[in-house]
Amino acid sequence: MDFLTGEFISGLLAIIMIDLVLAGDNAILIGLAARKLPKDQQKKVIIWGAVGAIVIRIIATLLVVWLLEVPGLHLIGGLLLVWIAYKLLIDEEEHDLKPADSMWAAIKTIIIADALMGLDNVLAVAGASHGNFTLVVIGLLVSIPVVMYGSTLILKLIERFPFIIIIGAGILGWTASKMIVAEPFMHDYFTNPFIKYGFEAIVVIGILVAGISRQKNIEKEKANREKMQIERNG
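Since the structure is predicted, the reported quantities are computational estimates derived from the model, not experimental observations.

1. Considering the overall build of the protein chain
Then, in step 1: Check the secondary structure of the protein chain and you find 9 helices and 0 strands.
Then, in step 2: Helices and strands appear in the protein chain in the N-to-C order α-α-α-α-α-α-α-α-α.
Then, in step 3: Looking at the protein chain as a whole, 44% of its 234 residues are labelled buried.
Then, in step 4: Within the protein chain, counting contacts between residues at least 6 apart in sequence, those at least 24 apart form 85% of the total.

Listed below in structure tokens is the structure:
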């Protein structure tokens, strides 16, 4: 994969989009960890916490790219990414991270928590890179200003334009399907382009339909609970 080729550019755009839609957790993470600190220290926490988290992610992503050469792991990674894409569409995550009392404690909290929570980003970026280490590093370096300065804005944009999440889930699903198709021992099943691209389309559409349907059910159940609570109180 050379620079400025269609494959390289599409991979880079996919990685940037993945970083955008998955940056919400990082924004919440930074906000929760730093909210007790003075304003001047909060800025330092945002910078150093984000830098530390990105360095850890680069190392972890490069490790995953290398591990994906092991037979069978493309299939496992693809299936995990299918689940991650589905969960992205469902608004039921809880964040119970406690605020830190000092700047360095907050930075440490952000880096450790991000390393534990960042499987989705690491796996998605590794899959979208198609094994290109340069693309991994460039994509994650581009995400540094996103994480540092844009994550809160992204949260607001996602709240205002929910279709951003749907697009992001679709890209994750597409990445997952390409990882599965790229599994060496499954190569013979996807030699026909119609079957290959049909499978990729089915994975993406299946994720979106299942995720959106589940989210609608969650919202309906929530509305029913609120209605019953109002009736009890009334």
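2. Quick word on the environment of Ala128
Then, in step 1: The residue Ala128 is located in helix H6 (residues 119-128) in this model.
Then, in step 2: Separated by 120 residues in the primary sequence, Ala128 and Phe8 place their C-alpha atoms 9.8 Å from one another.
Then, in step 3: Not counting the four nearest positions on each side in its chain, Ala128 is found in contact with Gly11, Ala14, Ile15, Ile18, Leu135 and Thr175.

3. Things to note about a nonpolar patch on the surface
Then, in step 1: A surface patch of nonpolar side chains, amounting to about 480 Å² of accessible area, comprises Leu63, Trp66, Leu67, Val70 and Phe133.
Then, in step 2: If one sorts the elements of the nonpolar patch by residue count, helix H3 (residues 39-67) sits on top with 3 residues.
Then, in step 3: Here Trp66 shows up in helix H3.

So, how was this worked out
Residues numbered from 1 in each chain as written. Predicted model: local features only at pLDDT ≥ 70, side-chain atom pairs only at ≥ 80, totals over all residues. Heavy atoms only, no water. Helix = DSSP H or I, 4+ residues; strand = E, 2+ residues; numbered from the N terminus. Buried < 20%, exposed > 50% of the residue type's maximum accessible area, 1.4 Å probe, protein only. Contact = heavy atoms within 4.5 Å. Patch = residues over 30% accessible without salt bridge, like charges linked within 9 Å, V, L, I, M, F, W, Y side chains within 5 Å. Areas by Shrake-Rupley, 256 points an atom, 1.4 Å probe, with all protein chains shown as cover. Salt bridge = Lys/Arg side-chain N within 4 Å of Asp/Glu carboxyl O.

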